[in-house]
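One-letter residues, chain by chain:
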Amino acid sequence: MSKQEKVRITEIFKDRLVQILLGKFLSGEIRKLEPVYTEDMGYTYPIVEKIVGDPKAVSDFLKQLTDGGILKKELYDRTLYCPNCGSAKISIRYNCPYCKSFDVEKSSLIEHVQCGYIDTERHFRSKEKLICPRCHKELTKPDVDHRKAGIWCVCNSCSKSFDIPVPSHFCRDCQLTFTFEDASYKDVYRYTLSPEAGKEASLGWTMVNPIRQFLESNGYKVEAPGILKGKSGASHLFDVTASLTDEVKETLVIDIATATEDEVTEQPVIALFAKIYDVSPGCACLIAVPKISENGERMAKLYSIILFETRDPNQVISGLKTLCVKAMG
Ligand SMILES: [Zn+2]
Ligand SMILES: [Zn+2]
Ligand SMILES: [Zn+2]
């Protein structure tokens, strides 16, 4: 992955909603993001709707992630929408090419192999049996003594016959009849996490999971990512929040920053400080993967942010053990 690509992906990862979706991919809750079809709504992505809150925002959200190289899309289906009301409740109609009526009766053409007579099934039908109208022999063996020779349509409106009807569409919501030419015809995709983004995100994830397990086994209630409300009324997102009680002032918050170059800049320290200034948690940690700039280190000290510089979650855990002992003692 080029440096630019990495910067771009890291930038998109900062979005809270993107993080929630990524978490679902990385935990295996989503392997392939597939659309769900309902008659009322057509194709939707309920999991994504839940994350972004607004069903109308889903397609832009997925497009942003696809354009950004986070998700890979693959054509799943193509679907029709009514050009008038946008409904997906569309039926197909097969019409008479002469008078356009959809009151068309479809039947199979049958050929009696022995005598070569071809007619619609109706003319062969005699109660339960098929009898050739020309030579009066009974047809008993499909594909041997008789075979299907295509279809034949008869229009109940104008009585004309034809073999190829003309399709049109009917909107079951607004009753509009329209042709393919006028229809909204949209691609529907299935999405997977791109390997590059997956690799990048899983670093954060391999860090988060062991930490979560450690904290939970010590009785903490852990959210990752976790949202806490600040004094200003704004909600802030942390990579991990953990608490023994419901008191925010006793909550532990953790952010993880991955270096886009060889070290993490002071930027995530400043971002974390802005959040803890508003939220006032009991304790704030920043994990810099793999290490932090001098400036960042200085600022972390100044803001009383506990700093871990490592790729190894176990180092963070042993640091947290000391913290927890202090907190409990
Ligand atoms: Zn309609
Ligand atoms: Zn007709
Ligand atoms: Zn015959």
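Below: a short report on this structure. Predicted model only: the values in this text are computed from it and were never measured.

Turning next to the nonpolar core. One finds Leu21, Tyr45, Val48 and Ile70 to be the most contacted residues of the largest nonpolar core, which totals 27 residues. If you list the elements that add at least two residues to this core, you get α1 (3–13), α2 (16–26), α3 (46–52), α4 (58–67), β14 (184–193) and α6 (195–217). Sorting elements by how many residues they give to this core places α2 first, with 5 residues. Every residue in contact with valine 48, bar those within four places of it in the chain, is listed here: Leu21, Leu33, Val58, Phe61 and Leu62.

The next point concerns the coordination of the zinc ion (ligand 2). Binding of the zinc ion (ligand 2) to the protein goes through Cys96 (SG), Cys99 (SG), Cys155 (SG) and Cys158 (SG), at separations of 2.3 Å. Viewed at the metal, the 4 donor atoms of the zinc ion (ligand 2) are separated by angles of 104 to 117 degrees, and the geometry they form is tetrahedral. Counting gaps between the donor residues of the zinc ion (ligand 2) yields the pattern C-x2-C-x55-C-x2-C. Residue classification places cysteine 155 among the buried positions, given a relative accessible area of 1%. Cysteine 158 sits in the partly exposed class, given a relative accessible area of 27%.

Taken as a whole, the largest pocket holds about 970 Å³ of empty space. In terms of lining, the largest pocket is formed by 34 residues, of which the most central are Phe13, Lys14, Gln19, Asp239 and Ile256. Estimated volume of the second largest pocket: approximately 750 Å³. Lining the second largest pocket are 27 residues; nearest its centre among them are Tyr43, Tyr45, Ser59, Tyr81 and Lys186.

Ideal donor angles around a metal are set by the shape: a four-donor tetrahedron calls for 109.5 degrees, a six-donor octahedron for 90 or 180 degrees. Of the protein atoms, only Cys82 (SG), Cys85 (SG), Cys171 (SG) and Cys174 (SG) coordinate the zinc ion (ligand 1), at distances of 2.3 Å. Geometry at the zinc ion (ligand 1) is tetrahedral, judged from its 4 donor atoms and the angles of 105 to 118 degrees they form at the metal. Along the chain, the residues donating to the zinc ion (ligand 1) fall in the pattern C-x2-C-x85-C-x2-C. A residue pair is termed long-range when its members are at least 10 positions apart, and cysteine 85 in the loop between β3 (71–81) and β4 (90–95) and cysteine 174 in the loop between β12 (166–171) and β13 (177–178) qualify at 89 residues.

For the rest of this paragraph, the subject is the sheet that holds strand β19 (residues 252–258). On the basis of which strands lie adjacent, the open sheet formed by 5 strands has the order β15-β18-β19-β20-β21 and mixed pairing. One side of each edge strand has no neighbouring strand; the edge strands of this open sheet are β15 (221–223) and β21 (306–309). Each adjacent strand pair in this sheet contributes to an overall mean axis angle of 20 degrees, direction not counted. When strand β18 (residues 240–243) meets β19, the two strands line up antiparallel, connected through 3 bridges. When the sheet's bridge partners are listed, valine 240 is paired in β19 with isoleucine 254. Where helix α7 (residues 267–279) meets the sheet, its contacts fall on β19 and β20 (283–289), and the angle it forms with β20 comes to roughly 165 degrees.

What counts as what
Residues numbered from 1 in each chain as written. Chains lettered and ligands numbered in written order. Predicted model: local features only at pLDDT ≥ 70, side-chain atom pairs only at ≥ 80, totals over all residues. Heavy atoms only, no water. Core = buried A, V, L, I, M, F, W, Y, C linked by side-chain atoms within 4.5 Å. Buried < 20%, exposed > 50% of the residue type's maximum accessible area, 1.4 Å probe, protein only. Helix = DSSP H or I, 4+ residues; strand = E, 2+ residues; numbered from the N terminus. Contact = heavy atoms within 4.5 Å. Donors = N, O, S within 2.8 Å, 3.2 Å for Na, K, Ca; no water. Tetrahedral: all angles 85-135°; square planar, octahedral: opposite > 155°, others 65-115°. 1 Å grid on protein atoms, 1.4 Å probe; cavity = no way out; pocket = protein on both sides within 12 Å on 5 of 7 lines; lining within 4 Å. Points joined across faces, edges and corners; volume = space filled by probe spheres on them. Pairing = 2+ DSSP bridges. Axes fitted to C-alpha atoms, helices over the stretch in contact; angles between N-to-C directions.

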